[in-house]
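Here is how the chains run, residue by residue.
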Amino acid sequence: MTALIDTFWDRIDDVRAGLLAPEGERPVPMAPQPDRKANALWFITAEGTAAHDGARGGGKASFQVADPKANLYATIEGTLTEVHDDRKLDEMWNVFAAAWFENGREDSKVRLVKFTPLHAEVWATEKTVGYLYEIAKATVTDDTPDGGEHGHVTFAAAA
């Protein structure tokens, strides 16, 4: 399944939002910032949110992706940790994060959270034209369409 992990990391770059759920909390929309080298999805959140509280305790979490533009669907299990690294936060900071904080990057409530994926079930679907071809072919042949890659992956520890 090495190829599926590669596909996951390539396509997660195009995902604008998913649902992050710290253990015992309801899922909330969050924008992932992938970092393959660190085997991480980074999130910028505010102090006191479920994501921040879950990360302070180093707890389990899941992240759900359903993004037809990225042709990626996944349920990812992992752990959350709060990271105190101004350099990394500066690297991750963007206009979307700034919109949530009254004082921008300098807001005292800004928190950086690292989600470390451990394992996932991943569906990497065909692009629109390929998918439409598969639907048409299945209609004519009575076969099930080939929707792309699907499988379970285990993530390696960060290098």
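Residues numbered from 1 in each chain as written. Predicted model: local features only at pLDDT ≥ 70, side-chain atom pairs only at ≥ 80, totals over all residues. Heavy atoms only, no water.

### Regarding the packing of aromatic side chains
Logical step 1: A full pass over the atoms with the stated rule returns 5 aromatic pairs.
Logical step 2: Here the aromatic rings of Trp-93 and Phe-101 are separated by 6.0 Å at their centres, their planes lie at 45°, and the arrangement is tilted.
Logical step 3: In this structure Phe-101 comes out as buried when scored by relative accessible area, which is 9%.
Logical step 4: In textbook terms, an aromatic cluster arises when at least three aromatic residues are bridged by ring pairs, as seen for Phe-8, Trp-9 and Phe-155. (Phe/Tyr/Trp six-rings, centres within 6.5 Å; stacked < 30°, edge-to-face > 60°. Buried < 20%, exposed > 50% of the residue type's maximum accessible area, 1.4 Å probe, protein only.)

### Side note on the environment of Thr-75
Logical step 1: Considering the arrangement of structural elements, one finds Thr-75 in strand 6 (residues 72-83).
Logical step 2: For Thr-75, a relative accessible area of 24% gives the class partly exposed.
Logical step 3: For the pair formed by Thr-75 and Ala-120, sequence separation is 45 residues and the distance between their alpha carbons is 5.6 Å.
Logical step 4: If near-sequence neighbours (up to four positions away) are discounted, Thr-75 is found in contact with Phe-63, Gln-64, His-119, Ala-120 and Glu-121.
Logical step 5: A polar side-chain atom of Thr-75 sits 2.8 Å from a polar atom in the side chain of Gln-64. (Helix = DSSP H or I, 4+ residues; strand = E, 2+ residues; numbered from the N terminus. Contact = heavy atoms within 4.5 Å. Polar contact = N/O pair within 3.5 Å; in protein donor to acceptor, adjacent residues only side chain to side chain.)

### Brief notes about the pattern of salt bridges
Oppositely charged side chains can form a pair if their charged atoms are brought close together.
Logical step 1: Under the criterion given, the structure shown has 7 salt bridges.
Logical step 2: Arg-36 is paired through a salt bridge with Asp-6; the nearest N and O atoms lie 2.3 Å apart. Residue Arg-36 is located in the loop between strand 3 (33-35) and strand 4 (40-46), and its partner Asp-6 is located in helix 1 (residues 2-12); the two are separated by 30 residues in the primary sequence.
Logical step 3: Taking relative accessible area as the criterion, Arg-36 reaches 41% and is therefore assigned partly exposed.
Logical step 4: Between Arg-105 and Asp-86 there is a salt bridge; the shortest N-O distance is 3.5 Å. In this pair, Arg-105 sits in the loop between helix 4 (95-98) and strand 7 (110-125) while Asp-86 sits in helix 3 (residues 86-92), placing the two residues 19 residues apart along the sequence.
Logical step 5: Accessibility expressed as a relative area gives 55% for Asp-86, which makes it exposed.
Logical step 6: Each of Asp-35, Lys-88 and Glu-91 takes part in a single network of salt bridges with overlapping partners. (Salt bridge = Lys/Arg side-chain N within 4 Å of Asp/Glu carboxyl O.)

### Notes on the nonpolar core
Logical step 1: By size, the foremost hydrophobic cluster in this structure holds 28 residues, and its most contacted members are Phe-8, Leu-20, Ile-76 and Phe-115.
Logical step 2: Looking at this core, the elements with two or more residues in it are helix 1, strand 2 (28-30), strand 4, helix 2 (50-56), strand 5 (60-67), strand 6 and strand 7.
Logical step 3: Every residue in contact with Leu-20, bar those within four places of it in the chain, is listed here: Arg-26, Pro-27, Val-28, Met-30, Phe-43, Ala-51, Ala-61, Ser-62, Phe-63, Leu-80 and Phe-115.
Logical step 4: Grouped together as the second largest cluster of nonpolar side chains are 11 residues, Ala-38, Ala-40, Leu-89 and Met-92 included. (Core = buried A, V, L, I, M, F, W, Y, C linked by side-chain atoms within 4.5 Å.)

### Details of the confidence of the model for the protein chain
Logical step 1: Confidence in the prediction of the protein chain, expressed as mean pLDDT, is 88, and 84% of residues score 70 or more.
Logical step 2: Counting interchain partners and residues more than four positions distant, the pLDDT-below-50 stretch residues 129-137 has 4 contacts. (pLDDT = per-residue confidence, 0-100.)

### Digging into the layout of surface pockets
Logical step 1: Space inside the largest pocket adds up to approximately 700 Å³.
Logical step 2: Around the largest pocket, the lining comprises 24 residues; the ones closest to its centre are Pro-29, Met-30, Ala-31, Ile-44 and Trp-100.
Logical step 3: Listing elements by their share of the lining of the largest pocket, those giving two or more residues are strand 2, strand 3, strand 4, helix 2 and helix 4.
Logical step 4: Residues of the lining of the largest pocket, tallied by class, amount to 16 nonpolar, 4 polar and 4 charged. (1 Å grid on protein atoms, 1.4 Å probe; cavity = no way out; pocket = protein on both sides within 12 Å on 5 of 7 lines; lining within 4 Å. Points joined across faces, edges and corners; volume = space filled by probe spheres on them. Nonpolar A, V, L, I, M, F, W, Y, C, P; charged D, E, K, R; others polar.)

### Some details on the environment of Gly-57
Logical step 1: In this structure, Gly-57 sits in the loop between helix 2 and strand 5.
Logical step 2: With relative accessibility at 63%, the residue Gly-57 sits in the exposed group.
Logical step 3: Between the alpha carbons of Gly-57 and Thr-79 there is a distance of 9.8 Å; along the sequence they are 22 residues apart.

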